[in-house]
2 protein chains.
Amino acid sequence: MRNIKVGVIGIGHMGRTYALQLDKGLIEGAVLTAVCGRNQQLADMKEQVTGNVQYYQDEDAFFQESGIDAVIIATPHFSHPELATKAFANGIHVLVEKPAGVYSKHVIEMNEAAEESGKVFSIMLNQRTNPLYQKLRELIHAGELGEIKRTNWVITDWYRSQSYYDLSSWRATWKGEGGGVLLNQAPHQLDLWQWITGLEIKRVHAFCHYGKYHDIEVEDDVTAYVEYGNGATGVFIASTGEAPGTNRFEIAGDRGKMVVENNALTFYKLAQSEREFNATYKGGFGMPESNRIDVPVDGNNPGHLGIIQNWIHAIVQGTPLLAPGEDGLHSVEIANAIYLSSWMNQSVDFPVNADLYYEKLQEKIRQSSK
Amino acid sequence: MRNIKVGVIGIGHMGRTYALQLDKGLIEGAVLTAVCGRNQQLADMKEQVTGNVQYYQDEDAFFQESGIDAVIIATPHFSHPELATKAFANGIHVLVEKPAGVYSKHVIEMNEAAEESGKVFSIMLNQRTNPLYQKLRELIHAGELGEIKRTNWVITDWYRSQSYYDLSSWRATWKGEGGGVLLNQAPHQLDLWQWITGLEIKRVHAFCHYGKYHDIEVEDDVTAYVEYGNGATGVFIASTGEAPGTNRFEIAGDRGKMVVENNALTFYKLAQSEREFNATYKGGFGMPESNRIDVPVDGNNPGHLGIIQNWIHAIVQGTPLLAPGEDGLHSVEIANAIYLSSWMNQSVDFPVNADLYYEKLQEKIRQSSK
């Protein structure tokens, strides 16, 4: 079977990495045949690439003339939906960097274009390849935790210094990135938060702090409270201003509690459903018995390479996608709801009003002094 | 020196325990000389008490005629301020059960009466005697954590079954207790949350769920977000509906992070102030170095007995109080703010409008079907 011809558009830090991995043959069944980027980036690429690769500065030429079967889109966030839509129009499979886009209106359009094209569409949600989170999801979906009551993710170990933000003028601006920690660092956790539990968010009330720890205009500190369709509640706390920070995801359910922290999954398992105990127990201060289980989790975490390989396997042999491109909408929608709630100082119901969010974001961009 | 003559009013579960401890001579410098309670409770007491004790059913006679120097008030929550005020009017030192009262208006009046009386006034905040929390407070007050950025207390291990709530008809009603988990179980953590950091709360936004896991009219599930005067934020989550639940208190500051969980205090200490690092670092992805320290914590936790002994020592020899009675206002005020925010579906600023809260609580009591 011939190799899938892959192009990479956007060859900054991440795009260059993917292109060189493909060029080195690290992805089975795929070969790098084209890249598209700015002049200096192309010159740098040429020095490092060993294979037969075409170089483009013009994106339309890249999509129409390069003959690629599939493309990895690693350009700035705002452009993802538009470029993906162009790729689909040219019959090209797509793997898009996270976030799927900046605002849900745009991402929904991309998802529609993907569906119409019938092409294989994936997104670089490379923490879905972490066996800890896969195991957690598997246990929850198998009903081990019973009905979920509460989720709590404190993800404050995305530390960034002022010098990081100062590296590029587009960083951490409404116009350049469309947001801060929610769009750049924490989309992984926003995605896993939703993907692992499978719960549908009904309502968000959030508190964002803009430029709290850095000289930036977007948020670097967020606390969001959510209510789910099943009545459960959740809290999500993210920051780039804390060191060493915390990464702790706790889920409480009718049959106990699961915690992922320090690269370990712990299950505090009840001998009996709490709801059942509550309904039948006759004493004063009793509670269901519980046992602590350190859940063994095997396997390494292939990360970015795992997502690319899975996407190629899906193209070649129909393997199910670990991160279907359409799923990118979830974290964008949650982020949009968090911003809206913070800007309007009120609760925001799901589904998020995509037009309203788009308008409000344009306002932020217009009012920006950056 | 003669023993301090102590009376106990309210001899249900806790009051009886205190009375018998005093009667057994477990408190140095104090002796039980009077109790006040309902008829059957008094009969039960008489069978167990060994010393020379007077028995009262009438509270005025108890305060005016028993000749006690000091009183422990262990009656239902609502009556604490009124009884304490009577005690002060009779020149009697007071140790009041937690919570100080149900609404801040009442507690403020009690605190004023205490101040006018000049008597020694303490409150049964018996988790302040836990050496873990004392050590945490000591380190924070010594500046080891630097300026605080965020607090997070998940205190969901206050599990209660329906049968617990069914034990008495006054339990978990607006009229009988004036609230649920915030007033009955979690006042300890509300107090420690404030006492340990010393931070002043500026604003609360809270989400209470009433009778979510039990057939009760008051809250059994709470998520509260706060903003402090120094700009820090905090989250407090309490529930009586989760098993096994969590008790984890995390505080992030400019010099690292401290966590109390599983009876251990862990300090993730930065080699350098984060604010200083942020201002001077020139690289891309760096962060300040940190080290994990398992803080050794010595000593046992004398709990209730420790608070009573400290109060007696304060009366006899002027020892500083570990839990000054006036401090009881903090957790009541925080609880009141959380209720108000939930009822009005908006943020509530500090200081809490005590009259407004009182009115709203009376409404709840009038509307109650219990």
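Peer 1: Explain the sheet that holds strand β15 (residues 348-349) of chain A to me, please; I cannot follow it from the model alone.
Peer 2: Consider a sheet: its strands pair through backbone hydrogen bonds, and that pairing is either parallel or antiparallel. Residue and element names in this part refer to chain A. An order of β14-β13-β12-β11-β7-β10-β9-β8-β15 is seen for the nine strands of this open sheet, with the pairing classed as mixed. Two strands close off the open sheet at either side, each with one partner strand: β14 (290-295) and β15. Where helix α6 (residues 131-141) meets the sheet, its contacts fall on β7 (148-155), β11 (247-253), β12 (256-261), β13 (264-270) and β14, and the angle it forms with β12 comes to roughly 170°. Most of the contacts of helix α11 (residues 328-344) go to strand β8 (residues 201-210), to which it runs at about 65°, and overall it touches β8, β9 (219-228) and β15.

Peer 1: Teacher, can you tell me more about the relation of the copies chain A and chain B here?
Peer 2: Relating one copy of the chain to the other requires a rotation about an axis plus a shift along that axis. Of the transformation placing chain A onto chain B, the axial shift is 0.0 Å and the rotation is 180°, giving an RMSD of 0.0 Å. Seen this way, the second copy is the image of the first under a two-fold rotation axis. When each C-alpha of chain A is compared by its distance to the rotation axis, A:Q346 comes out closest, at 4.0 Å. The residues that chain A uses at the interface reappear at the interface of chain B in 100% of cases, marking a shared surface.

Peer 1: I tried to follow the packing of helix α4 (residues 80-89) of chain B against helix α5 (residues 104-117) of chain B on my own but got confused; where do I start?
Peer 2: Geometry of a packed helix pair, given as the angle between the helix axes and the separation of the axes. Residues and elements named next belong to chain B. Their axes nearest at 9 Å, the elements α4 and α5 cross at an angle of 15°. The angle between the axes of α4 and α5 places the two elements in the roughly parallel class. Note on packing geometry: the crossing formed by α4 with α5 is left-handed. Across from H80, P81, E82, A84, T85 and F88 in α4, the residues of α5 making contact are H106, V107, M110, A113, A114 and S117. Class assignment of the residues belonging to the contact of α4 with α5 gives a composition of seven nonpolar, four polar and one charged.

Peer 1: What's the story with the pattern of salt bridges in this structure? I'm lost.
Peer 2: In a structure, side chains of opposite charge can pair up when their charged atoms sit close to one another. A complete count under the given rule lists 36 salt bridges over all chains for this structure. For A:K135, the salt bridge is made with A:E138, and the minimal N-O distance between the two is 3.5 Å. With a gap of three residues between them, A:K135 and A:E138 both fall in helix α6, about one helical turn apart. Residue classification places A:K135 among the partly exposed positions, given a relative accessible area of 23%. Salt-bridge contacts for B:D69 lead to B:R2; the nearest nitrogen and oxygen are separated by 2.8 Å.

What counts and how
Residues numbered from 1 in each chain as written. Chains lettered and ligands numbered in written order. Predicted model: local features only at pLDDT ≥ 70, side-chain atom pairs only at ≥ 80, totals over all residues. Heavy atoms only, no water. Pairing = 2+ DSSP bridges. Helix = DSSP H or I, 4+ residues; strand = E, 2+ residues; numbered from the N terminus. Contact = heavy atoms within 4.5 Å. Axes fitted to C-alpha atoms, helices over the stretch in contact; angles between N-to-C directions. Least-squares fit on C-alpha atoms with pLDDT ≥ 70 in both. Parallel < 35°, antiparallel > 145°, perpendicular 65-115°, else oblique. Left-handed = near helix turned anticlockwise from the far one by under 90°. Nonpolar A, V, L, I, M, F, W, Y, C, P; charged D, E, K, R; others polar. Salt bridge = Lys/Arg side-chain N within 4 Å of Asp/Glu carboxyl O. Buried < 20%, exposed > 50% of the residue type's maximum accessible area, 1.4 Å probe, protein only.

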